[in-house]
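Residues per chain, in single letters:
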Amino acid sequence: MEERSAGVFSGKVGAAFLIPALFFIVVFLIFPFVWIFYLSFTNQTLTGAAAANPQFVGLANYARLFDFERWMRAGEFGSSLWITTRFVLGSALIGQAGLGMSVALAFYRRRGFLREMVYTLAVLAWIIPEVVVAFCWWAFLDWRSGTLNHILGSLGLGQPDWLFDHPLLSIIIFNTWRGAAFSILLFSSALETIPPSYIETADVVGASAWQKFRDILLPMLRGHVLTDLILITLWTFNVFTPFLLTGGGPVFRTQLVSIYTYRTAFKFFEFGKGSAIAVVMMLINLALAMGYLTMLRRRRVTA
Amino acid sequence: MFKVKPLLTSLFVVAMVLGTLGGSVMAQEEITLTMTCRCVAGGVNNNLVVWLTTYVIPTFEEMMAEQGKNVTVELVEFGGSDEQLKEQYALDLGVGGGYDVFAFDGFWIPEFVEAGLLQPLNQIAGEAVDEWEGWEHIPPGIQAIMSYRGEVYGIPAGTDVREIFYRRDLFEQAGIEMPWQPTSWDELLDTARQLKDAGIEIPLQINAGTSMGEATTMQGYFMVLLGAGDHMYDFDEGKWIVSSPAILDALNFYYTVYVEEGLGDARMQLVEDGRNRSFEAFRDGRIAMLVEGDWFWRSVLVREMGVEDRNALVDWAMMPAREPGAGYRGQDFVTISGGTGWVLNPNTEHPQEAWELLAYMSSRDSQRAWELIQPRINFRDDVPVAGDPVMTAMAEALLPLTTVRPMLPEYAQISYEAQLMTERVVSGEMTPEEAMAAYAEAVTELVGEENVIVIPVE
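Definitions and cut-offs
Residues numbered from 1 in each chain as written. Chains lettered and ligands numbered in written order. Predicted model: local features only at pLDDT ≥ 70, side-chain atom pairs only at ≥ 80, totals over all residues. Heavy atoms only, no water. Helix = DSSP H or I, 4+ residues; strand = E, 2+ residues; numbered from the N terminus. Buried < 20%, exposed > 50% of the residue type's maximum accessible area, 1.4 Å probe, protein only. Areas by Shrake-Rupley, 256 points an atom, 1.4 Å probe, with all protein chains shown as cover. Lys, Arg positive; Asp, Glu negative; His and termini not counted. Charge placed at Lys NZ, Arg CZ, Asp CG, Glu CD. Pairing = 2+ DSSP bridges. Axes fitted to C-alpha atoms, helices over the stretch in contact; angles between N-to-C directions. Contact = heavy atoms within 4.5 Å. Phe/Tyr/Trp six-rings, centres within 6.5 Å; stacked < 30°, edge-to-face > 60°. Salt bridge = Lys/Arg side-chain N within 4 Å of Asp/Glu carboxyl O. Buried area = accessible area lost by both parts, 1.4 Å probe. Polar contact = N/O pair within 3.5 Å; in protein donor to acceptor, adjacent residues only side chain to side chain. Nonpolar A, V, L, I, M, F, W, Y, C, P; charged D, E, K, R; others polar. Parallel < 35°, antiparallel > 145°, perpendicular 65-115°, else oblique. Left-handed = near helix turned anticlockwise from the far one by under 90°. Disulfide = S-S within 2.5 Å. Domains from an automatic or database assignment.

Draft legend 1. Seen up close, the overall build of chain B. For chain B, the helix and strand inventory stands at 20 helices and 16 strands. Dimensions along the principal axes, computed over C-alpha positions, put chain B at roughly 110 × 55 × 40 Å. Counting every position in chain B, which comprises 458 residues, the buried fraction comes to 58%. For chain B, the exposed surface amounts to about 18400 Å²; the carbon and sulfur share of it is 52%. Averaging the coordinates of the 28 positive side-chain charges in chain B and doing the same for the 72 negative ones gives two points 6 Å apart.

Here is the structure:
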């Protein structure tokens, strides 16, 4: 009571306001997490004998995931992780962040029809429902009847079977297109905060475009870049939409970890093993988030 | 005072009338039954929708109304794959929900029963089930489709057989004599080579890979494996055969067709919607020979081509063993049967009415009406195949040769491993030997060392 709280409400009222939120966090976040953690040590399934009498199997589910003799085989956990890593690098870090930065810089301190158009289209790609987007892309990329191959064909270029011969590349391009809007918007608004006088001064001393980017814009944007990278990394790591495009195939070549989890838990109904994968995924997410927080904190200290 | 009395009396009368009305409404309690199947008007299994909506549902509702019951039946069409439907059922039943009456593949029964998701019919609807007139018209072998460990979980809808369908026009183009019936794999492959030389794009398509699910196991892997002399399961020993010369022969057949000689289109087996694509390719004359179930003949081809074109353009042949007498049980030709049916939901709120609907659908009159819409091998011995001599010929030639899948809860997982094994071969990811070793390893892990048989390969 001695301590003066800076808030509007007293401690008791504040606690009362917290209760509903805490209730939902416990029911929808903490309880499922504990439950999944528990399930990951059982052989629980939805069908078959293990559904009625699940047994405690210790670390067997985890041992099976990290069975290094098989782990890089198509469809196994290790190969899924490797595919996911390439997917995140390609579509989030290079694709979305790279495209976002390029577009933001290209329209830096510019106005006009072209800018409005690009921004509107990017935001549209971002907000259209996933199923619709997946269907459009499927119709776009289809080998025989897809729009893309019709265009390529009429130009006399080859007609590759995108989803079959280049499945990972296809979903990387798809996800770049799908999510670039966030980075574009974030970087654009970050650029707005930089005082124009900095650039004007640099112009006076005759700095090149690259020098201005490297020595003025980038250092001032570092925080935003970091925030952007970590957010899109986490989102992309967990994204499931490519499933609607390729189903994880052909031959598991686009089986991201999220798809692997889904297949295990809901196609084969192996909830125990599926939970083990979910726990590992959660730990990876946690590690990524920790890395991000540490970097942010370090930046604040040095700034 | 006497003015108030009539008013009270009339109020009393009105209340009485309302009361009786209310009472009769209560007696006519409205019951809604829901049912579902993999069937869509104008799409997959369209005939089923036609039969249900124009015959079964209206006449059943009428019959119920005559008995003084107000029953409405609602059909929910499901357009996804069999695998997705199974997923839906497991999740629905797992949380105590789901439709009252639903179409069900017989081989799913063991794993659903073991999980406590299904119950025997007579436990759900009581004595009425045991007293049903239909049972004595369903042969025991057919009843077994929807039974497990001596209990009956559903009424079958029919059984099926598998064979090679071929395009007469393409055979003519390649100068192959008809009627055509290969007696060994070599003859079958020679025909495929001949078709290829004549410029046919895809001479022979036989299912492989995981994306086609059970269609790979039944129409693909089993047809080759049985031809090589083995079943997946040794019924005498009660064990799974996980490694054998026959499995290797089967995989080598796939290897020849898809990898070595390109007689089939491996791509179609690896993409998501490959089965539909194979149907279209056959319709468009790009596939010459397709190994499929009779469902392809009576449902898919009718939808894709119409009956007239189908009868003119398509013929069928039995799947030969590797060489005469080398097939399963020493047979010259092989096939395998599955079967689907209808089950009741243990969670239904109206078990009696749901059972009455199921029994009504399976009555002789309803099944005769069905045969007029789609002639097929009926489950009732008092309902003949109506007006399709080809269907009748298939049934007569192949039913004596047929076999079934083991009705065991672990079957679905092992079947998936078999699909994966064929996928590894046709995608070129593994050699037949490596794929068989990986299969043996996975199945042994599933059922335990004591439940598998390894027959050494010389």
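Draft legend 2. Fine view of the sheet that holds strand β1 (residues 30-37) of chain B. Residues and elements named next belong to chain B. Here we have five strands laid out as an open sheet, ordered β2-β1-β3-β15-β6, and mixed in their pairing. In this open sheet, the two strands that pair with only one neighbour each are β2 (70-77) and β6 (154-159). Across this sheet, the average inter-strand angle for adjacent strands is 25 degrees, counted without regard to direction. Against the sheet, helix α2 (residues 46-66) engages β1, β2 and β15 (339-344), with an angle of about 165 degrees to β2.

Draft legend 3. Region of interest: the environment of D309 of chain B. Residues and elements named next belong to chain B. Within the secondary structure, D309 sits in helix α15 (residues 307-313). Residue classification places D309 among the partly exposed positions, given a relative accessible area of 42%. Remark: the alpha-carbon pair of D309 and R283, spanning 26 residues in sequence, is separated by 10.0 Å.

Draft legend 4. Representation of the environment of V343 of chain B within the structure. Summarising the element assignment, V343 of chain B is placed in strand β15. Expressed as a C-alpha distance, the spacing of V343 of chain B and F104 of chain B, which sit 239 residues apart in the sequence, is 6.4 Å.

Draft legend 5. Up close: the sheet that holds strand β12 (residues 314-317) of chain B. Residues and elements named next belong to chain B. Across the sheet, four strands lie side by side as β8-β11-β7-β12; this open sheet has mixed pairing. What marks the edges here is a single partner per strand, and that holds for β8 (202-205) and β12. Neighbour to neighbour, the strand axes of the sheet diverge by 25 degrees on average, direction disregarded. One ladder, built from three bridges, connects β8 with strand β11 (residues 287-293); its direction is parallel. Within β11, the residue paired with Q205 across the bridge is L290. Strands β7 (162-167), β11 and β12 of the sheet are contacted by helix α13 (residues 274-283), whose axis makes an angle of about 135 degrees with β11.

Draft legend 6. Quick look at the packing of aromatic side chains. Residue and element names in this part refer to chain A. With the rule as written, the count across this model stands at 52 aromatic pairs over all chains. For the pair F182 and W235, a centre-to-centre distance of 4.9 Å together with 75 degrees between the ring planes defines the contact as edge-to-face. One end of the pair, F182, is in helix α9 (residues 167-192); the other, W235, is in helix α11 (residues 209-238), with 53 residues separating them in the sequence. By relative accessible area, which is 15% here, F182 ends up buried.

Draft legend 7. Representation of the pattern of salt bridges within the structure. Tallying each qualifying case throughout the model produces 38 salt bridges over all chains. A salt bridge links R64 of chain A to E445 of chain B, with the shortest nitrogen-to-oxygen separation between them at 3.1 Å. Of the two residues, R64 of chain A is situated in helix α3 (residues 60-65) and E445 of chain B in helix α20 (residues 432-447); the pairing between them involves two chains. The exposure class of E445 of chain B is partly exposed, given its relative accessible area of 45%. Of the charged contacts in the structure, one is a salt bridge between R310 of chain B and D388 of chain B, with a shortest N-O distance of 3.7 Å. You can see R310 of chain B sitting in helix α15 and its partner D388 of chain B sitting in the loop between α17 (364-373) and α18 (389-398), a full 78 residues away along the chain. Taken individually, R310 of chain B and D388 of chain B each receive the classification buried, so the pair is uniform in this respect. Put simply, R64, D67, R70, R73 and E76 of chain A together with E441 and E445 of chain B are held in one network by salt bridges that share partners.

Draft legend 8. Just the interface of chain B and chain A, in detail. Counting from both sides, the interface comprises 29 residues of chain B and, opposite them, 27 residues of chain A. When the buried area of chain B at its contact with chain A is split by residue, E87, R267 and Y416 of chain B rank highest and sum to 21% of it. Across the contact surface, chain B and chain A share nine residue pairs in polar contact (both at pLDDT 80 or more). Broken down by secondary-structure element, the contributors of at least two residues to the side of chain B that touches chain A are α3 (82-94), α4 (109-114), α12 (266-270), α19 (411-426) and α20 of chain B. Partitioned by chemical class, the residues of the side of chain B that touches chain A number eleven nonpolar, three polar and 15 charged.

Draft legend 9. Here's a closer look at the pairing of β11 of chain B. All names here are of chain B. Counting buried residues along β11, seven of its seven residues qualify, which places the element largely inside the surrounding structure. Alignment of β7 against β11, held across five bridges, turns out to be antiparallel. By the bridge assignment, I164 is partnered in β11 with V291.

Draft legend 10. Local environment of the packing of helix α14 (residues 294-305) of chain B against α18 of chain B. Residue and element names in this part refer to chain B. For the pair α14 and α18, interaxial distance at closest approach is 10 Å and the crossing angle is 165 degrees. One element, α14, and the other, α18, form an angle in the roughly antiparallel class. The crossing of α14 and α18 is left-handed. Here α14 contributes D294, W297 and R298 to the contact with α18, which in turn contributes V390, M391 and M394. By residue class, the composition of the contact of α14 with α18 is four nonpolar, no polar and two charged.

Draft legend 11. Seen up close, the pairing of β7 of chain B. All names here are of chain B. Of all six residues making up β7, six are buried, and the element is well covered by its neighbours. Here β7 pairs with β12 via four bridges, running antiparallel. Looking across to β12, one finds that F165 is bridged to W316.

Draft legend 12. Here's a closer look at the state of the cysteines. Residues and elements named next belong to chain B. Counted according to the given criterion, the structure contains one disulfide over all chains. Each sulfur of the disulfide joining C37 and C39 lies 2.0 Å from the other. The S-S bond linking C37 to C39 shows a torsion near 70 degrees; that makes this disulfide right-handed. C39 shares its class with C37; the two are buried.

Draft legend 13. Expanded view of the packing of helix α9 (residues 185-197) of chain B against helix α11 (residues 245-260) of chain B. Residues and elements named next belong to chain B. The geometry of α9 relative to α11 is characterised by a closest axis approach of 12 Å and an angle of 10 degrees between their N-to-C directions. Viewed along their axes, α9 and α11 adopt a mutual orientation that is roughly parallel. Within the contact between the two elements, α9 uses W185, L188, L189 and R193 and α11 uses D249, A250, F253, T256 and V257.

Draft legend 14. Expanded view of the domain arrangement of chain B. Residues and elements named next belong to chain B. Domain annotation of chain B identifies domain 1 (31-152 + 338-401) and domain 2 (162-337 + 406-454). Once you take the C-alpha centre of each, domain 1 and domain 2 turn out to be 28 Å apart. At the junction of the two partners, domain 1 supplies 31 residues and domain 2 supplies 26 residues. Of the roughly 2300 Å² buried where domain 1 meets domain 2, counting both sides, 62% is carbon and sulfur surface. Three residues stand out in domain 1 for area buried against domain 2, namely F107, L398 and L401, and they jointly supply 27% of the buried area on that side.

Draft legend 15. Local environment of unusual backbone geometry. Residue and element names in this part refer to chain B. Put simply, M178 and P179 share a cis peptide bond, and its omega is 0 degrees. Among the secondary structure elements, P179 is positioned in the loop between α8 (168-173) and α9. Of note, N45 is a non-glycine position whose phi angle comes to about 50 degrees, a positive value. Of note, N45 is situated in the loop between β1 and α2. Taking the relative accessible area as the measure of exposure, N45 reaches 14% and is therefore buried.

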